[in-house]
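Residue-level structural notes
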Amino acid sequence: MEMHAFSGFELKAQGILQRLDSGEVVIGDGGFLFTLEKRGYVKAGLWTPEAVVEHPNAVRQLHMEFLRAGSNVMQTFAFSASEDTTESKWEDINAAACDLAREVGRKGDALVAGGICQTSTYKLSALPAWITHLEEPFAETGMNAGPTMNGNIGASIVGVNCRFGPTISLKTMRLMKEGLQAAGLKAHLMVQSLGFHTPDCGKGGFVDLPEYPFGMEPRLATRWDIQKYAREAYKLGVRFIGGCCGFEPYHIRAIAEELAPERGFLPPASEKHGSWGSGLDMHTKPWIRARARKEHWENLRPASGRPFCPSMSKPDA
């Protein structure tokens, strides 16, 4: 199949379930909180997304970068925008986040997904971030959850996101798939891991690591790590693949490039990126030209560059 990069994803105007039912690979977007904090638009702590009203161009640009990298789901940058955390501005923030996601989504016929944060009911939970209780999304949206925790709530797509890196997220997906099969249930699978490696995390995930949130860079996954993650997820039967905190646009591009044979095309961002380092074959140094091959990058084991750096740190909790 001939593949090419092009501007504007020529996807049919279908909803998420229609796309997944047809076997289409849906690529999510990446992290907004960490990325915009590094760029100076978000303050760590409560991680509230005032940037959508204070610096909309910054948010719009990041949406565009994810779209260009291959994402066909624009998630609204509204996490933690609730009356508990942002006082009187929370309604404006949520409305602006939706407007920005829709605006950019239309440029590539991408789906728009709403970002839902915790309710105050669960604020004192042992895990005070992300949605960690099954009832929460239903409480937020007013949907009827039906049986919870041990029962079937009727979800059409199930998966995991955030807290853990690619390896642990994929292990979780394997267990989830086995559980669905054992229970005789069918659902589409979704995974959106961190863009960081977290093999030493406890049950609380990366928030318990001493490097969280300002020293996570040595744990950052490479684009090649993410290509492996995308391929393994696909082999597991996961068809909604994306990322969360630490996932940059080039990570999303890595997913799109790895799954280009299945999707039939490359994203626009691949116009400036050679597959598996192929762009290095014109370098003036022969030892660098020798890196223009899949085997080099696929088998690479990057080091942090820090003398006597431990391979794993010990979680605080």
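First things first, this report covers the structure right here in the doc. (Residues numbered from 1 in each chain as written. Predicted model: local features only at pLDDT ≥ 70, side-chain atom pairs only at ≥ 80, totals over all residues. Heavy atoms only, no water.)

Section: the overall build of the protein chain
Rule in force here: Going along the chain from the N terminus, every DSSP run of H or I of four or more residues is numbered as a helix, and every run of E of two or more is numbered as a strand. Burial here depends on accessible area, computed with a 1.4 Å probe over protein chains only, as a share of the maximum for the residue type. Under 20% is buried, over 50% is exposed, and the range in between is partly exposed. Should any heavy atoms of two residues lie within 4.5 Å, those residues are considered in contact. Residue-level accessible areas treat just the shown protein chains as cover; the underlying method is Shrake-Rupley with a 1.4 Å probe.
Across its full length, the protein chain carries twelve helices and six strands. Per-residue burial over the protein chain gives 43% buried out of 317 residues. Across the protein chain, contacts joining residues at least 24 apart in sequence account for 72% of those joining residues at least 6 apart. For the protein chain, the exposed area adds up to about 16,600 Å²; of that, 53% sits on carbon and sulfur atoms.

Let's talk about the packing of aromatic side chains
As a reminder of what qualifies: The criterion for an aromatic pair is that two Phe, Tyr or Trp rings (for Trp, the six-membered ring) have centres within 6.5 Å, with stacked assigned to planes under 30 degrees apart, edge-to-face to planes over 60 apart and tilted to the rest. Any Lys NZ or Arg CZ that is within 6 Å of a ring centre and within 35 degrees of that ring's normal is treated as a charge sitting over the ring.
Across all of its chains, the model carries eleven aromatic pairs by this definition. Arranged with centres 5.7 Å apart and planes meeting at 55°, the rings of Phe 34 and Phe 196 form a pair that is tilted. Placement of Phe 34 in helix α2 (residues 33–38) and of Phe 196 in the loop between β5 (188–193) and α8 (223–235) is noted, with a sequence separation of 162 residues between them. Taken as a pair, Phe 34 and Phe 196 share a single burial class, namely buried. Three or more aromatic residues joined by ring pairs make a cluster, and in this case those are Phe 34, Trp 47, Phe 196, Phe 206 and Tyr 212. One residue, Arg 239, lies across the ring of Tyr 234, its end atom 3.6 Å from the ring centre.

As for empty space enclosed by the protein
As a reminder of what qualifies: Within this scheme a cavity is a closed region of a 1 Å grid, computed over the protein atoms alone, that accommodates a 1.4 Å probe without allowing it to escape, whereas a pocket is open but has protein on both sides within 12 Å along at least five of seven lines; lining residues each have an atom within 4 Å of a point. Grid points are joined across faces, edges and corners, and a volume is the space filled by probe spheres set on the points. Polar here means any residue other than Ala, Val, Leu, Ile, Met, Phe, Trp, Tyr, Cys and Pro, which are nonpolar, and Asp, Glu, Lys and Arg, which are charged; Gly is therefore polar.
In total, this model carries one cavity of 30 Å³ or more according to the counting rule given. Considering only enclosed or pocket space, the largest cavity measures out at about 30 Å³ in volume. Lining the largest cavity, in full, are Thr 222, Trp 224, Asp 225, Lys 228, Trp 297, Leu 300 and Pro 302. The residue inventory of the lining of the largest cavity, partitioned by class, reads four nonpolar, one polar and two charged.

Brief notes about helix α4 (residues 56–69)
Rules: One less than the residue count of a helix, multiplied by 1.5 Å, gives the span that helix is expected to have.
With 14 residues, α4 ought to run about 20 Å at 1.5 Å a step, and its terminal C-alpha atoms sit 20 Å apart, in line with that. Summarising the contacts, the buried residues of α4 are in contact with α2, α3 (51–54), β2 (73–75), α5 (90–105) and α9 (249–258). Phi for Gly 70, located one or two positions after α4, is positive at around 130°.

What about the sheet that holds strand β6 (residues 240–243)?
Here is the rule we go by: Pairing between strands is defined by DSSP: at least two bridges between them are needed. Working convention: axes come from line fits to C-alpha atoms, limited for helices to the stretch in contact. Angles between N-to-C directions cover 0 to 180 degrees.
Strand order in the open sheet formed by four strands is β1-β6-β5-β4, and the pairing between neighbours is parallel. Looking at the sheet topology across the chains shown, the edges are occupied by β1 (26–27) and β4 (157–161). Across the sheet, helix α7 (residues 166–183) is in contact with β4 and β5; its angle to β4 comes to roughly 155°. Against the sheet, α8 contacts β5 and β6, and its axis sits at roughly 155° relative to β6.

Thoughts on the layout of surface pockets
By volume, the second largest pocket is sized at about 950 Å³. The wall of the second largest pocket is formed by 30 residues, among which His 197, Pro 218, Arg 219, Leu 220 and Pro 302 lie closest to the centre. Elements supplying a minimum of two residues to the lining of the second largest pocket: α7 and α8. Of the residues forming the lining of the second largest pocket, the biggest block, four residues, is contributed by α8.

Thoughts on the packing of α4 against α5
Let me state the cut-off plainly: Our angle categories are set so that under 35 degrees counts as roughly parallel, over 145 as roughly antiparallel, 65 to 115 as roughly perpendicular, and the remainder as oblique. Each helix crossing is assigned a hand: it is left-handed if the near helix lies turned anticlockwise from the far helix by less than a right angle, otherwise right-handed if that turn is clockwise.
Viewed as axis vectors pointing N to C, α4 and α5 meet at an angle of 40°, and their least axial separation amounts to 10 Å. By the criterion of interaxial angle, the relationship of α4 to α5 is oblique. The two elements α4 and α5 meet at a crossing, and its hand is right-handed. Between α4 and α5, the residues in contact are Pro 56, Val 59, Arg 60, His 63, Met 64 and Leu 67 and Leu 100, Ala 101, Glu 103 and Val 104, respectively. Here the contact of α4 with α5 is composed, by residue class, of seven nonpolar, one polar and two charged.

Some points on α8
When the terminal C-alpha atoms of α8 are compared, their 19 Å separation across 13 residues agrees well with the 18 Å that a helix rising 1.5 Å per residue should span. Positioned one or two residues after α8, Gly 237 has a phi angle of 100°, which is positive.

What to know about the side chain of Ser 71
The following threshold applies: Throughout this description, a polar contact denotes any pair of N or O atoms lying within 3.5 Å of each other; where both atoms belong to protein, one of them has to be capable of donating a hydrogen while the other can accept it, and for residues adjacent in sequence the pair is counted only when both atoms sit in side chains.
With respect to the helices and strands, Ser 71 occurs in the loop between α4 and β2. The exposure class of Ser 71 is buried, given its relative accessible area of 0%. A distance of 3.5 Å separates a polar atom in the side chain of Ser 71 from the backbone nitrogen of Asp 29.

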